Amino acid sequence: MAATLFAPAAKAWEPTRTIEFIVPAGTGGGADQMARVIQGIVAKHGLMKQTMVVINKAGGAGGEGFLDIKGAKGNPHKLVITLSNLFTTPMATGIPFSWKDMTPVSMMALDEFVLWVNAESPYKTAKDYTDAIKAAEPGKFKMGGTGSKQEDQIITVAIDRVTGKKMTYVPYKGGGEVAVQLVGKHIDSTVNNPIEAVAQWRAGALRPLCVFDSKPLPVTDKIAGDKAWADIPTCKSAGLDIEYLMLRGIFMPAGVPKEATAYYVDLMKKVRDTPEWKQLMHDGAFNQTTMSGDEYAKWVENEEKRHRDLMKEAGFLASN
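Presented here is an overview of the structure given in this document. It should be emphasised that the depicted structure is a prediction, and the values quoted were computed from it without experimental measurement.

**Some remarks on the pattern of salt bridges**
For the coordinates displayed, the defined rule picks out 17 salt bridges. A salt bridge links Lys 57 to Asp 68; the shortest N-O distance between them is 2.9 Å. Taken together, the positions of Lys 57 in the loop between strand S2 (52–56) and helix H3 (63–70) and Asp 68 in helix H3 put the pair 11 residues apart, joining distant regions of the chain. Glu 303 is the partner of Arg 306 in a salt bridge, and the nearest nitrogen-oxygen pair spans 2.9 Å. Of this pair, Arg 306 and Glu 303 both sit in helix H11 (residues 293–314), three residues apart, which is roughly one turn of that helix. Take Glu 303: its relative accessible area is 11%, and that puts it in the buried class.

**Details of the nonpolar core**
Among the nonpolar cores identified, the biggest contains 77 residues, and Ile 38, Leu 115 and Trp 229 are the most heavily contacted of them. Beyond its immediate chain neighbours, meaning those up to four positions away, Trp 229 contacts Trp 116, Pro 194, Val 198, Trp 201, Leu 217, Val 219, Ile 223, His 282, Asp 283 and Ala 285. Residues Leu 86, Phe 87, Met 91 and Met 291 belong to the second largest nonpolar core, which totals 26 residues.

**Details of the pairing of strand S4 (residues 102–111)**
For S4, a buried count of 10 out of 10 residues is recorded, marking the element as mostly surrounded by other parts of the structure. Direction of pairing for S4 relative to strand S12 (residues 246–253): antiparallel, over a ladder of eight bridges. Of the residues in S12, the one forming a bridge with Asp 111 is Met 246. Where S4 meets strand S13 (residues 291–292), two bridges bridge the pair, whose relative direction is antiparallel. When the bridges of S13 are listed, Met 107 appears paired with Met 291.

**Remarks on the packing of aromatic side chains**
A complete count under the given rule lists 12 aromatic pairs for this structure. Ring centres of Trp 116 and Trp 201 lie 6.0 Å apart, and the angle between their planes is 70°; on these two criteria the pair is classed as edge-to-face. Here Trp 201 lies in helix H8 (residues 194–202) and Trp 116 lies in strand S5 (residues 114–118), a separation of 85 residues in the sequence. Neither residue differs from the other here; Trp 116 and Trp 201 are each classed as buried. Relative to Tyr 264, the ring of Tyr 263 has its centre 5.2 Å away and its plane inclined at 90°; by these criteria the two rings are edge-to-face. For the pair Tyr 263 and Tyr 264, a shared accessibility class is recorded, and that class is buried. Taken together, Trp 13, Tyr 263 and Tyr 264 form an aromatic cluster joined through their ring pairs. For the cation-ring pair, Lys 140 lies above Phe 141, with the distance from its terminal atom to the ring centre recorded as 5.0 Å.

Calculation notes
- Residues numbered from 1 in each chain as written.
- Predicted model: local features only at pLDDT ≥ 70, side-chain atom pairs only at ≥ 80, totals over all residues.
- Heavy atoms only, no water.
- Salt bridge = Lys/Arg side-chain N within 4 Å of Asp/Glu carboxyl O.
- Helix = DSSP H or I, 4+ residues; strand = E, 2+ residues; numbered from the N terminus.
- Buried < 20%, exposed > 50% of the residue type's maximum accessible area, 1.4 Å probe, protein only.
- Core = buried A, V, L, I, M, F, W, Y, C linked by side-chain atoms within 4.5 Å.
- Contact = heavy atoms within 4.5 Å.
- Pairing = 2+ DSSP bridges.
- Phe/Tyr/Trp six-rings, centres within 6.5 Å; stacked < 30°, edge-to-face > 60°.
- Lys NZ or Arg CZ within 6 Å of the ring centre and 35° of its normal.

Laid out in structure tokens, this is it:
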């Protein structure tokens, strides 16, 4: 009896080896940047005893990364940061994967999409640009984006519908490369996330025309010259009645211990409490909605249904 009374309390779960943080996208894009900021915050503030390494697995529109997580069932030393290719890649390619092959941990934020053109282009507003598309031959204007049959191309198809003219969609490996191609005038526009093009906007190389949200972005301090994120009008106000936001979320493999999931939920909460995270949210003009647990899983389930409808409408389902 005495031995029972004085037994040590059960030690809370924590990692015992290096954490692999999978990015199912290329380097320089929004997911990659966020993963590396999280990695840096965890290291700088000593939030975890073990190290965290970021690994890009962009092959097959991110399918390589998702299948890696699926194959790591029960492994609590792997994390993945997801974007909407969590839904679009399986639907477009038919790979045997769904979000149910993972364990939801935390929604870190929702990311915005902005219509960008080269700063030297003649287009000052979204209406200027869409009017030019309408007046041109089909396919004349080139929209660059990350991957094929993914978020960027879904938005491009939506713009095609509004203008009645098809653009030529040019796929690249990641948002960083997309921004570089627009600076080099190899394409006419992009719908990059704010964080993917903010450096080029600051440098005066790119111009934002509108944001694909129901309201302007909340960040009011000046980013580029006298312009703030809040100064970018909504696309809807310019006649492009299109809204689209993207998940930035953390998952683990399926079948991991509940204690491990709870550990990472707490870890990500600590990350979000740091000044570095708040700076990232500010610089990238993120929608700072966060969730975990059943609420997060339900949100993901509903988003899967919404993306199935969007992919079907665009003709991007693998069965088509």
